[in-house]
Amino acid sequence: MNDEHTYEWETITAELNIIKPVNEIEIQDVLGKSLDKLEKWEAFYEMYAKRMGFGTRKDDVRRSHGVIVMRRWVCCSQGSKKIASPDTPRKKRPHDVTRTGCQAALRILLTQPCNTWKCKEFSTMHNHELASSSEVQFLRSYRVVSNGLLAQVRSMNSVGIKTANIMSHVALQSGGYEKMPCQLRDVYNRVAECHGDKKPSVVVTDQDAAMKQAIVEHMHDVTHRLCAWHLNTNASKKVKDPIFLKTFKDLMYNYYEEEEFEARWLDVIQTQQLTV
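These remarks concern the structure in this document. Not measured: the values here are computed from a predicted model.

Cis rather than trans, the peptide bond between Q112 and P113 has omega equal to 5 degrees. Its location among the elements puts P113 in the loop between β4 (105-111) and β5 (116-123). Its identity is not glycine, yet N17 carries a phi of approximately 60 degrees, on the positive side. In this structure, N17 sits in the loop between α1 (9-15) and α2 (27-30). Of the residues examined, N17 reaches a relative accessible area of 61% and is grouped as exposed.

Attention shifts here to the nonpolar core. Core analysis: the largest hydrophobic core is formed by 31 residues, its most contacted members being V30, W41, F44 and L106. Of all the elements in the fold, those that place two or more residues in this core are α1, α3 (38-52), β3 (67-75), β4 and β5. The biggest single contributor to this core is α3, with eight residues. Dropping the residues within four chain positions of it, W41 is found in contact with L16, V30, K33, S34, L35, W73, L106, I108, W117, K118 and C119.

Once that is clear, we can look at helix α4 (residues 147-157). Here α4 has its buried residues at L149, L150 and V153. When α4 is viewed along its axis, its buried side chains cluster within an angular range of 100 degrees and face the same direction. When the buried face of α4 is taken as reference, the exposed residues oriented beyond 90 degrees from it are N147 and G148. Check the buried side of α4 and you find it contacts α5 (163-174) and α6 (184-194). Of the residues that open α4, the one with a side-chain oxygen 3.1 Å from the backbone nitrogen of L149 is S146.

In the contact formed by helix α9 (residues 242-253) and helix α10 (residues 258-271), the axes pass within 11 Å of each other and the chain directions differ by 165 degrees. If you check the angle between α9 and α10, you find them roughly antiparallel. Seen along the crossing, α9 lies across α10 with a hand that is left-handed. Seen from α9, the contacting residues are F244, T247, F248, D250 and L251; seen from α10, they are F261, R264, W265 and V268. Of the residues assigned to the contact of α9 with α10, the class counts are six nonpolar, one polar and two charged.

On to the sheet that holds strand β1 (residues 34-35). The strand order across the open sheet formed by five strands is β1-β5-β4-β3-β2, and the pairing between neighbours is antiparallel. With one partner strand each, in any of the chains shown, β1 and β2 (56-64) form the two edges of the open sheet. Bridging between β1 and β5 involves two bridges; their strand directions are antiparallel. Among the inter-strand pairings, S34 is bridged to a residue of β5, identified as K118.

With that out of the way, let us pick up the packing of aromatic side chains. Applying the stated rule across the entire model yields nine aromatic pairs. Between W9 and F44, the ring centres sit 5.5 Å apart and the planes meet at 5 degrees, which makes this aromatic pair stacked. Here W9 is found in helix α1, whereas its partner F44 is found in helix α3, with 35 residues between them in sequence. Classification of F44 as buried rests on a relative accessible area of 0%. A centroid spacing of 6.0 Å and a plane angle of 15 degrees characterise the contact between F44 and Y48, whose relative ring orientation is stacked. Highlighted residues: F44 and Y48, both in helix α3, separated by four residues, approximately one helical turn. Accessibility assignment for this pair places F44 and Y48 in one class, buried. Among the aromatic residues, those joined into a ring-pair cluster are W9, W41, F44, Y45, Y48, F54 and F122.

Analysis parameters
Residue numbers run consecutively from 1 along every chain, following the written order of its sequence. Where local features are concerned, this predicted model is filtered to residues with pLDDT of at least 70; where side-chain atom pairs are given and counted, the filter is 80 or more; whole-chain, interface and lining totals use all residues. As a rule here, side-chain values come from all non-hydrogen atoms in the structure, and water together with hydrogens is ignored. A run of H or I in DSSP becomes a helix once it reaches four residues, and a run of E becomes a strand once it reaches two; helices and strands are each numbered from the N terminus. Each residue is placed in one exposure class: buried if its accessible area under a 1.4 Å probe, protein chains only, is under 20% of its type's maximum, exposed if it is over 50%, and partly exposed if it falls in between. What is meant by a nonpolar core is a set of buried Ala, Val, Leu, Ile, Met, Phe, Trp, Tyr and Cys residues, joined one to another through side-chain atoms within 4.5 Å. Contact between two residues is taken to exist if any of their heavy atoms lie within 4.5 Å; hydrogens are not considered. Our arc is simply the arc of the directions from the helix axis toward the C-beta atoms. Residues adjacent in sequence count toward polar contacts only when both atoms are side-chain atoms; beyond that, a polar contact is any pair of N or O atoms within 3.5 Å, and within protein one must be able to donate a hydrogen and the other to accept it. For every element, the axis is a line fit to its C-alpha atoms; helices are fit only across the contacting stretch, and the angle between N-to-C directions ranges from 0 to 180 degrees. Oblique is the label for any angle not under 35 degrees, not over 145, and not in the 65 to 115 range, which are roughly parallel, roughly antiparallel and roughly perpendicular in turn. Crossings are classed by handedness, with left-handed meaning an anticlockwise turn of the near helix from the far one by less than a right angle and right-handed meaning a clockwise turn. Any residue outside Ala, Val, Leu, Ile, Met, Phe, Trp, Tyr, Cys, Pro, Asp, Glu, Lys and Arg is labelled polar, Gly included; the first ten of those are nonpolar and the last four are charged. We treat two strands as partners when DSSP finds at least two bridges between them. In this scheme Phe, Tyr and Trp rings, the latter by its six-membered ring, pair at centre separations within 6.5 Å, and the angle between planes marks the pair as stacked below 30 degrees, edge-to-face above 60, and tilted otherwise.

Pasting the structure below:
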């Protein structure tokens, strides 16, 4: 929606002569009605969908001489998931199925000579459960990483604070995760976009569970390695044998060819009688 315009639900429904509660709006209440701006229809459908408990996305668009003359929005569950060939190897875990072939949609057409936007299609039929009022903010359509939050995350990242810890702090300030405007993976995605969506070939972490999951979901071509310093620190906390710790530190911080490293590590396992 155009950020220059902010439209209120009551204002737009008054223009459409709709006085019913949102859950009682029927097809005939919207079909054939007109508004003077495309942005008003977009705002109407987004606010209607959010109140009803579903997300939206832009679908079809038609232009004439470079000018939009038709626009269609659909429920985010419209369409179907592409089924990969069983012979195609999976690079990452399958996502939950969210495309159910839902038919809910809104289509408007620019009419002449009055130059207004008329509703030519309004379907309210869903074939899936709608989100409750407490769940709707977590639908993809309404999860927003603001520029302010992004700046805060990047600033705190620069001094070594993990994104997961930053988001925990933001959640505390917001009154709980249920009041957050976005999820942790949305922040990781936004940060990646700011770097031109260029993902590294290797990511080193400190075993942070949220970071590990984000890498699996969104950076599946990246090699994930654990920080040597954290590994050595954890070993020092759990094992008190000085001989083992000295050998372990040597393996962590010195360079060995793979074959030599494996031989040295096997020797540590045997001499220290470790189980693997």
